[in-house]
Amino acid sequence: MELFSRKFNENIERQVLKDIFYDAIMISDINGIIRYIKKYDDDMSPFDVKSAVGKHILEIYTDIKPENSTMLHAIKGIPTLGKQTTQTAFNGRTCIFYEHTIPLKANGKIIGAVSVAKFIATFTKEVTVTPSMLSQEKVLYSISDIIGNSPATEYLKAQIKQVSATSSSVLITGETGSGKELVAQAVHSEGPRRNKPFVSQNCSAIPITLLESILFGTVKGSFTGAEDKAGLFEIANGGTLFLDEINSMDINMQAKILKVIEEKRVKRLGSAKEIPVDVRVVSAMNEEPQTCIEQNRLRSDLFYRIAVVQIKVPPLRERKTDIPVLAQHYIDFYNYEMKKNIRGLSSQVEKLFREYKWPGNVRELRNIIEGAFNFRNEGEIALSDLTGHVITSAYENSSLENSADTAIFSREYTGGFNLTQTVEIYEKNLILEAAAEIKTLNRLAEYLGISRQALSYKLRKYNIKL
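Residues numbered from 1 in each chain as written. Predicted model: local features only at pLDDT ≥ 70, side-chain atom pairs only at ≥ 80, totals over all residues. Heavy atoms only, no water.

Novice: Would you mind going over the sheet that holds strand 10 (residues 240–244) in detail, with residue names and values included?
Specialist: The five strands are arranged 7-10-13-6-14 in an open sheet whose pairing can be described as parallel. Edge positions in the open sheet fall to strand 7 (198–202) and strand 14 (309–312), since each of these has one partner strand only. Mean inter-strand twist for the sheet, computed between neighbouring axes without regard to direction, equals 20 degrees. Two strands pair when backbone bridges link them, and strand 10 and strand 13 (residues 280–285) are joined in this way by four bridges, in the parallel orientation. Across the sheet, the residue bridging to Phe 242 is Val 282, located in strand 13. (Pairing = 2+ DSSP bridges. Helix = DSSP H or I, 4+ residues; strand = E, 2+ residues; numbered from the N terminus. Axes fitted to C-alpha atoms, helices over the stretch in contact; angles between N-to-C directions.)

So, in structure tokens, the structure goes:
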């Protein structure tokens, strides 16, 4: 990883941002009795939670006077924000922390107070660049990398959050390009196995003999050229094994996978020794499981074992309110990568993106944004910057109005127009884009590099009004 590259900077950001998160929360009722405490750092908290709940705040911190208690102030409606406090608890331990203590209200009336604390000792004192940060090791995705706030996306995030805490097998279904591996990585990253290996294997188009050796490992002499080598089940021990497109796996191989999952033991090819493995299996497929079972491409017993939990990743067409956020995310990404200054999408492109069916899902959206960056350096991405299926499909399916009204132009689509018509379409589109930003005739003519008279003629010709 290059020093001060995008990934390097994001790694540093993750390290220092943890300082904004608090180590403990405390909730009291209107009488100052502590009703709830949760610690996020057991070592730093000055007292045991169970022994503190039910006590008055002045019983917990014995060295504080009522007039100096931030909790009692909050009960009176006076918040305390970002205050450094030194207090001694009832067990004699002293701690220094920053606190936010605020009133707790219901129906407009104060019913208690809430205090969150960040202990001084947990603040990062320095950031050290380690060799692993400079390696090419992939940083796994987490829930925060799932972009969007549509109901479907929020439900997906909630599912991931819930299932990540267990070790149950998970089957992720969804169309190609919808982000199934991202979801698989998030399930791993959010759970207790996050510090253990995440191993991914695409099962598609790999011969059964090769896939078997990859998954189970080999011993020297088991076949010509074989060496002692751990398989992916061993490598993923303690962590997560992600089997993508598991429905493409040979049906006989599926039986062997089922055996390993059931028995939690694996034998390398050519060996009689069984090796215990503790692996959470997360699988994915881009087809309906029941269809695969009916067509004898997925064993029903394997399906029931790997689909203890099922997560369906919604296609992009079912969460179109996420499209503007996703598009801007990729625009920001490619601005950084390509050193450009593109602000966003033109209104015409936004309309097209809303109406397009997105058969390639999020992957297709990303590729279209990247393609547009090859034709534009600044301003907004316009229809004339788009290439590929999105623009031609929209035209062929009449999801846009006719070309005379919308000035559709694509570098890959000129069918049905002669040279003059194509040039006129492109010319009108350029004027419409510029006119969206420039509202005076003189400045618009100067920007387009034509005379005021020529611009006036073209505005009349294309019925464009400033």
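Further notes follow.
Novice: Explain the side chain of Ser 346 to me, using residue names and the numbers behind them.
Specialist: Tracing the backbone through its elements, the reader meets Ser 346 in the loop between strand 15 (341–345) and helix 13 (347–355). Sequence-distant contacts of Ser 346, that is, excluding residues within four places in its chain, are made with Glu 380, Ile 381, Ala 382 and Leu 383. (Contact = heavy atoms within 4.5 Å.)

Novice: Give me the lowdown on the packing of helix 5 (residues 151–163) against helix 6 (residues 180–189), citing residues and values where you can.
Specialist: At their nearest, the axes of helix 5 and helix 6 sit 8 Å apart, and the two run at 40 degrees to each other. Put simply, helix 5 runs oblique to helix 6. Between helix 5 and helix 6 the crossing geometry is right-handed. Two secondary-structure elements touch here, helix 5 through Leu 156, Ile 160 and Val 163 and helix 6 through Val 183, Ala 186 and Val 187. The class makeup of the residues in the contact of helix 5 with helix 6 is six nonpolar, no polar and no charged. (Parallel < 35°, antiparallel > 145°, perpendicular 65-115°, else oblique. Left-handed = near helix turned anticlockwise from the far one by under 90°. Nonpolar A, V, L, I, M, F, W, Y, C, P; charged D, E, K, R; others polar.)

Novice: Give me the lowdown on the pairing of strand 13, citing residues and values where you can.
Specialist: Judged by how many residues are buried, strand 13 sits mostly within the fold: six of six residues are covered. Here strand 13 shows two buried faces, one formed by Arg 280, Val 282 and Ala 284 and the other by Val 281, Ser 283 and Met 285. Taken together, the four bridges between strand 6 (residues 170–173) and strand 13 define a ladder with parallel strand orientation. Of the residues in strand 13, the one forming a bridge with Thr 173 is Met 285. (Buried < 20%, exposed > 50% of the residue type's maximum accessible area, 1.4 Å probe, protein only.)

Novice: Residues and numbers for helix 14 (residues 361–373), please.
Specialist: Between its first and last C-alpha, helix 14 extends 19 Å over 13 residues, near the 18 Å set by a 1.5 Å rise per residue. Turning to helix 14, its buried residues number three or more, namely Asn 361, Val 362, Glu 364, Leu 365, Ile 368, Ile 369, Gly 371, Ala 372 and Phe 373. (Expected span 1.5 Å × (residues − 1).)

Novice: Quick rundown of the nonpolar core? Include the residues and the values.
Specialist: Ranked by internal contacts, the top residues of the largest apolar core, which has 31 residues, are Leu 215, Phe 233 and Ile 257. At the level of elements, helix 7 (208–216), helix 8 (232–235), strand 10, helix 9 (251–263), strand 13, helix 10 (289–294) and helix 11 (300–306) are the ones that each hand at least two residues to this core. When residues of this core are assigned to their parent elements, the largest contribution, five residues, is made by helix 9. Contacts of Ile 257, omitting those with residues within four sequence positions, involve Leu 215, Phe 216, Phe 233, Leu 243, Met 249 and Leu 302. Counting residues in each nonpolar core, the second largest holds 26 residues, with Ile 147, Ala 327, Trp 358 and Ile 381 among its members. (Core = buried A, V, L, I, M, F, W, Y, C linked by side-chain atoms within 4.5 Å.)

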